[in-house]
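So the chains spell out like this:
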Amino acid sequence: MIKLDSSATTEKLYPNCDETIWSRSCDEEILEPIPGKVSGEIPLWINGSLLRNGPGKSSFGCDKFKHLFDGSALLHRFAIADGSVTYQCRFLQTNSYLKNSAAKRIVVTEFGTKAVKDPCLSIFEKFSGLFNTGDSMSDNAMISIYPFGDELYAFSESPVMFKFNERNLETTKRVNLSREIGIVHHTSHPHVLSNGCVYNLGTIVTKFGPKYCIVEFPQGKDFNEAKIVASIFPRRKLNPSYMHTFGITENFFILIEQPLAVSVKLMSQTLWKNDPLIDSLRWFGKKTTKFHILSRKSGHTERSFYAVTFFFFHVINSYEEDNHIVVDICCYENPDIIKGMYLDSFRTMQTNPNYSSMFQAKPLRFVLPLNEKEDQKNCNLIKLNGSKAQAKIQKNGRILCIPEELCETSCDLPRINYSNNSGLNYRYFYAMSSDFSNGGSIIKVDVKNKTQTTWSEKNCYPGEPVFLSAPNATSEDDGVVLSVLLRGNNQENHVELLVLCAKDLKVLARYEFITPSPVPRCVHGWFKFDN
């Protein structure tokens with residue numbers, strides 16, 4: 001009797017989505033740039049490097065990481081010069097990566113993976129580690145890349161970040177901000193101002209408990225000269241909110257305190273027991289989300305607003321207009337997406353009818369009024385022309401903000417014309433849709449007209465879209481969108497650089513590379529123009 005392979009006969013719930021692209025692992029670095037095959041023409045004004053960061057290695061020896069946020073950081077570089085492109089990749093030389101490589105197994109606990117801890121570690125070393133998060137926890141900086149002046153750094157939410165050489169991707173410096181300025185956490189997405197000053201949202205520990213803080217990194221100064229310019233205690237004293245990013249406008253910092261929190265009690269237990277950090281997260285689902293508005297001038301809290309519970313990773317943009325603050329966010333109903341990013345969840349997605357719902361993020365616009373009055377309790381406080389958002393004073397005196405949708409498509413990883421419109425009124429953003437029916441697509445959203453344009457192609461999986469403004473641009477969307485493209489159906493050793501016209505998402509060019517090893521999916525990055 002012939003036994004049938006049940007996996008081969010099982011009908012896929014998401015036939016146009018290849019679940020294997022999230023679990024690919026790079027086995028061989030590409031230290032010397034390799035050329036690719038081109039179709040179309042890249043605009044000649046684009047000269048520089050698209051640098052990307054993400055989980056690159058999914059196992060050491062027989063040990064495998066369990067979560068997408070655990071894979072060892074792999075840097076990618078697409079070098080563009082005079083219409084040609086080359087590709088290379090290299091692992092970030094973090095302490096975690098070096099220890100795992102030396103042991104040929106996973107010996108450093110990650111966000112979702114528990115490692116076998118060093119048995120020689122004394123009880124006193126374990127205890128001291130509770131107070132030195134920069135060295136006692138993983139330093140796997142596998143999320144994003146940001147510039148500090150002319151230097152580029154790889155980030156995660158640990159207080160440790162790494163400087164690297166943009167040409168050969170060599171790791172050149174390890175910076176522990178816990179030692180430099182005392183923070184135990186910072187977001188993966190600082191804001192880089194046109195004058196070179198960098199702001200980030202972090203957490204410090206005081207004798208009264210954790211405290212959110214805005215850290216200013218002045219242009220051209222050493223990290224130990226950074227300073228805290230604003231701070232505020234969490235609404236739940238021993239459960240500070242998980243924050244992946246924050247908003248900034250001309251006059252304000254915007255801290256969005258969502259109901260997903262890091263329990264100080266559970267964090268202490270996980271560190272002591274060497275458990276994954278995901279075990280320290282708590283979801284206060286019945287609570288509201290709180291917006292803190294802090295003055296950039298004084299550092300003091302100016303206003304607080306509330307919204308119905310949501311979870312988020314990314315703020316699209318925020319700005320001030322006619323005595324209102326507008327905050328656009330990609331919002332999820334809950335943090336189930338974090339569970340959905342376990343690698344086992346990816347592998348079984350084709351049999352889980354609820355899987356795609358975990359990735360449904362709606363781009364929502366919150367409008368925060370700065371001119372509310374007591375006699376407006378029964379009125380919509382929003383007086384912004386054309387806005388459908390609402391804000392109403394509740395019986396307890398709080399202002400509840402009700403958002404409006406910017407488009408019907410679920411999406412995340414948003415990017416805007418950052419160099420010209422960050423913190424200012426804007427019209428367009430670009431993002432990755434989470435539509436599982438076609439495997440993934442890039443969308444452009446017109447937030448004024450609430451319309452969208454889409455690019456997609458069968459068996460293609462684009463990454464975060466990166467907007468580049470053209471020289472002497474005549475409009476906000478005058479430029480190109482770059483995206484790193486992977487292919488499914490066992491085409492693991494294939495990566496492309498996709499170049500789209502930013503106005504209509506028509507393909508201008510694409511460069512295809514055949515690599516000696518599988519190319520994993522990257523997360524965030526930065527484009528560095530050549531001087």
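Just so we're clear, the structure is a prediction, and the values are computed from it rather than from any experiment.

Draft legend 1. Region of interest: the overall build of the protein. When its secondary structure is counted, the protein shows nine helices and 38 strands. For 531 residues, the compact-globule formula gives about 24 Å, and the C-alpha radius of gyration of the protein, at 23 Å, lands near that figure. Based on the C-alpha atoms only, the size of the protein along its principal axes is roughly 75 × 60 × 60 Å. Taken over 531 residues, the protein has a buried fraction of 57%.

Draft legend 2. Expanded view of the sheet that holds strand β21 (residues 289–295). The strand order β17-β18-β21-β22-β27-β26 describes an open sheet built from six strands, whose pairing is mixed. Lying at the two open borders of the sheet, with one neighbouring strand each, are β17 (247–248) and β26 (390–393). As defined by bridge partners, strand β18 (residues 252–257) adjoins β21 across six bridges and the pair is classed as antiparallel. Bridging across to β21, I256 finds its partner in F291.

Draft legend 3. Seen up close, the environment of C411. Within the element layout of this structure, C411 appears in strand β29 (residues 411–415). Residue class for C411 comes out buried when judged on its relative accessible area of 1%. Sequence separation of C411 and S144 is 267 residues, and the distance between their C-alpha atoms is 19 Å. Residues contacting C411, with those up to four places away along its chain left out, are C330, A361, P363, F429, A431, M432, S433, S434 and I443.

Draft legend 4. Structural context of helix α2 (residues 95–103). For α2, the complete set of buried residues consists of S96, Y97 and N100. Looking straight down α2, one finds its buried side chains confined to an arc of 95°; they lie on one side. Elements that come into contact with the buried residues of α2 comprise β3 (48–57), β4 (59–60), β6 (72–81) and β7 (84–91). Just downstream of α2, K104 is the residue with a positive phi angle, here 60°.

Draft legend 5. The side chain of N459, seen in detail. Examined against the element boundaries, N459 turns out to sit in the loop between β32 (451–455) and β33 (460–462). Among the polar contacts made by the side chain of N459, one reaches the main-chain amide nitrogen of G488 at a distance of 3.2 Å. With sequence-adjacent residues up to four places away left out, N459 is seen in contact with L486, R487, G488, N489 and Q491.

Rules used in this analysis
Residues numbered from 1 in each chain as written. Predicted model: local features only at pLDDT ≥ 70, side-chain atom pairs only at ≥ 80, totals over all residues. Heavy atoms only, no water. Helix = DSSP H or I, 4+ residues; strand = E, 2+ residues; numbered from the N terminus. Rg over C-alpha atoms; globule rule 2.2 N^0.38 Å. Buried < 20%, exposed > 50% of the residue type's maximum accessible area, 1.4 Å probe, protein only. Pairing = 2+ DSSP bridges. Contact = heavy atoms within 4.5 Å. Arc of directions from axis to C-beta. Polar contact = N/O pair within 3.5 Å; in protein donor to acceptor, adjacent residues only side chain to side chain.

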